[in-house]
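This is what each chain is made of:
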Amino acid sequence: MEQLKWVILAIAVIMYALVIAFQEKKVYFTSSAAVLVLILGIIFPGNIFQLPQDFAGSTHFYALRHAFTEIINWNVLLIYLGSMTIASLFIYSKVPARIADGIVEKSRNTGLAMVLILAMTGIISIFVENVATVLVMAPIALALCRKLKMNPTLFMMGLAVMSNLEGTATLVGDPPSMIFASYAGYNFNDFFVHNGTLSIFFIIQAGMIAGCVYFYFFFAKNGKNKIQVDKEQVISWFPLWLLLGMIFGLAGISFIHTDFAYLSGLFVLALGIAGLIWYFFIQKKTLEETRTLVKELDWETIFFLIGIFVVIGAIQEIGLLEDFAVFLAGITGGSKVLGFFIILIVSILISGFVDNVPYIIAMLPVADSLARTLGLNPELYMFALLVGSCLGGNLTPFGASANIVSMGIIKKEGYPMKFSGWLKVGVPFTIITTAVASIVLWLLWA
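Figured I'd write up the structure that's included with this text. (Residues numbered from 1 in each chain as written. Predicted model: local features only at pLDDT ≥ 70, side-chain atom pairs only at ≥ 80, totals over all residues. Heavy atoms only, no water.)

Side note on the overall build of the protein chain
Helices and strands together make up the secondary structure of the protein chain, namely 20 helices and two strands. Here the protein chain has a C-alpha radius of gyration of 22 Å; the compact-globule value for 446 residues is 22 Å, and the two agree. Principal-axis analysis of the C-alpha atoms places the extent of the protein chain at approximately 70 × 55 × 45 Å. By residue count, 56% of the 446 residues in the protein chain fall in the buried class. In the protein chain, of all internal contacts separated by at least 6 residues, the share reaching a separation of at least 24 is 76%. Within the structure as shown, the protein chain displays about 19400 Å² of accessible surface, and the carbon and sulfur contribution to it stands at 67%. For the protein chain, the separation between the mean place of its 25 positive charges and that of its 25 negative charges on side chains is 15 Å. (Helix = DSSP H or I, 4+ residues; strand = E, 2+ residues; numbered from the N terminus. Rg over C-alpha atoms; globule rule 2.2 N^0.38 Å. Buried < 20%, exposed > 50% of the residue type's maximum accessible area, 1.4 Å probe, protein only. Contact = heavy atoms within 4.5 Å. Areas by Shrake-Rupley, 256 points an atom, 1.4 Å probe, with all protein chains shown as cover. Lys, Arg positive; Asp, Glu negative; His and termini not counted. Charge placed at Lys NZ, Arg CZ, Asp CG, Glu CD.)

Quick word on the pattern of salt bridges
Evaluation of the coordinates by the stated rule reveals two salt bridges. E288 serves as the salt-bridge partner of R291, at 2.7 Å between the closest nitrogen and oxygen. A residue pair is termed a helical-turn pair when its members lie 3 or 4 positions apart in one helix, as R291 and E288 do in helix 13 (residues 287-295) at three residues. Note on R291: relative accessible area 41%, which makes it partly exposed. In this structure, R372 engages D368 in a salt bridge whose closest nitrogen and oxygen atoms are separated by 2.7 Å. (Salt bridge = Lys/Arg side-chain N within 4 Å of Asp/Glu carboxyl O.)

Focus: the environment of T69
As for its position among the elements, T69 is in helix 3 (residues 62-71). Through-space distance from the C-alpha of T69 to that of T433 is 39 Å; in sequence the pair is 364 residues apart. For T69, the side chain forms a polar contact with the main-chain oxygen of R65, separated by 2.5 Å. (Polar contact = N/O pair within 3.5 Å; in protein donor to acceptor, adjacent residues only side chain to side chain.)

Section: a nonpolar patch on the surface
Residues V35, I39, I43 and F44 make up a contiguous nonpolar surface patch of roughly 350 Å² in combined accessible area. Take I43: it is sitting in helix 2 (residues 26-43). (Patch = residues over 30% accessible without salt bridge, like charges linked within 9 Å, V, L, I, M, F, W, Y side chains within 5 Å.)

Focus on the packing of helix 10 (residues 200-219) against helix 18 (residues 378-391)
The interhelical angle for the contact between helix 10 and helix 18, taken along N-to-C directions, is 40°, at an axis separation of 11 Å. Looking at the two axes, helix 10 sits oblique to helix 18. The handedness of the crossing between helix 10 and helix 18 is right-handed. Note on element contacts: helix 18 touches helix 10 through F383, V387 and L391, opposite I200, I203 and I204. Among the residues forming the contact of helix 10 with helix 18, the class breakdown is six nonpolar, no polar and no charged. (Axes fitted to C-alpha atoms, helices over the stretch in contact; angles between N-to-C directions. Parallel < 35°, antiparallel > 145°, perpendicular 65-115°, else oblique. Left-handed = near helix turned anticlockwise from the far one by under 90°. Nonpolar A, V, L, I, M, F, W, Y, C, P; charged D, E, K, R; others polar.)

Digging into the packing of aromatic side chains
One pass over the structure, following the stated rule, counts 21 aromatic pairs. Among the aromatic residues, those joined into a cluster by ring pairs are F180, Y186, F191, F383 and W445. Above the ring of F304, the side-chain terminus of K26 is found at 4.6 Å from the ring centroid. (Phe/Tyr/Trp six-rings, centres within 6.5 Å; stacked < 30°, edge-to-face > 60°. Lys NZ or Arg CZ within 6 Å of the ring centre and 35° of its normal.)

So, the side chain of N164
Note that N164 resides in helix 8 (residues 153-166). Within polar-contact distance, the side chain of N164 engages the side chain of N403 at 2.8 Å. Apart from the residues lying within four places of it in its own chain, the contact partners of N164 are N130, C390, G393, N394, A400, A402 and N403.

Quick look at unusual backbone geometry
Unlike most non-glycine residues, K94 shows phi in positive territory, near 65°. As for its placement among the helices and strands, K94 is situated in the loop between helix 4 (74-93) and helix 5 (95-106). The partly exposed category is assigned to K94, whose relative accessible area is 33%. Although it is not a glycine, K284 sits at a positive phi angle of roughly 55°. Mapping K284 onto the fold places it in the loop between helix 12 (263-282) and helix 13.

Details of the environment of G122
Here G122 shows up in helix 6 (residues 110-125). Residues G122 and G158, 36 residues apart in the sequence, show an inter-C-alpha distance of 9.7 Å. Not counting the four nearest positions on each side in its chain, G122 is found in contact with M162 and E166.

So, in structure tokens, the structure goes:
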């Protein structure tokens with residue numbers, strides 16, 4: 001058993017190292033690691049995946065059954081797939097662009113309008129994948145900068161970091177929030193209020209306000225006057241209703257107590273399928289156009305998550321995460337303040353360079369176990385993990401996919417940015433927003 005711990009740890013470390021070194025091939029590495037873990041589970045039944053006492057059947061194939069029925073969180077994957085579909089249709093509808101035009105038109109000056117557009121970017125990112133949000137808002141930002149005859153680099157950076165910041169605010173915002181909900185047993189409403197205390201949504205909003213103030217000091221000098229905009233023509237409002245239906249539907253399902261684990265996932269997926277039917281029949285799109293929309297969804301993340309779920313499930317069940325939690329507890333010396341800062345700072349630094357999804361899956365049980373070992377509310381450390389890992393992605397230009405996309409758009413526009421150029425804006429933004437969110441988190445949950 002002890003030797004198998006080291007084998008599973010070695011598989012995970014090699015997998016993570018390869019994912020970091022070869023991001024474009026990450027699905028191959030996570031899938032291969034998951035297959036290897038399952039093979040070991042078949043060869044050594046009950047040593048990696050713990051057999052229940054009342055289990056009856058072939059012990060050798062328990063690992064496969066256990067992985068595909070319990071370890072892989074299909075509800076999270078269904079929510080992600082359905083919400084991605086709705087997000088793509090939302091972009092197609094041009095409703096976000098129309099709302100942004102209205103913000104510019106109603107604002108007292110362009111500087112304020114630019115900050116409000118960044119805030120709107122964050123709000124959209126609560127419900128729409130971050131890269132998709134940046135792609136929705138980029139044409140608006142670029143058009144506005146052309147009219148002002150200003151360099152669009154800062155504005156495009158703002159779109160990326162604000163979309164990353166808000167991704168954790170709700171259950172449907174980003175994979176990390178879905179993974180947290182799955183682990184902690186949170187429903188949609190728990191992201192707003194949990195056990196009578198303001199939850200992660202409001203903690204993230206504190207960071208967003210600080211981020212808006214930060215950018216206002218940059219933009220206030222660039223736009224004192226109003227400019228005229230050509231309002232974007234909305235194709236249809238139906239995707240907006242789908243999006244609102246998803247939000248309120250998930251909120252309603254939160255009150256339904258059922259043993260059926262896939263209710264919310266199937267609900268969101270059904271809305272996504274309804275959207276595709278509307279796209280094909282009502283919008284009169286061809287079968288090829290509909291197939292293209294589905295094909296361009298983020299399938300890579302779906303398969304990436306499946307592999308990660310299996311590997312981290314093995315790490316957890318074999319006892320490695322408990323060992324790591326005991327190790328961290330020894331480092332903190334029983335200090336809840338030191339433990340809080342260790343989780344927060346390590347999360348920021350790692351997420352500035354590494355995909356935060358596998359990190360969060362691995363560290364959630366550790367943060368939970370460490371908090372309980374120190375006799376603390378587990379939310380204090382788990383929320384610190386979420387805040388640090390999601391806001392930490394803003395630290396570097398490759399800390400999040402939205403950053404990479406934003407940099408690509410800037411380069412295409414003729415404004416290539418160096419790594420040091422991003423750090424000049426990204427580091428202060430990350431420090432300020434994380435500090436404000438962490439203070440609010442500590443006051444609410446310590």
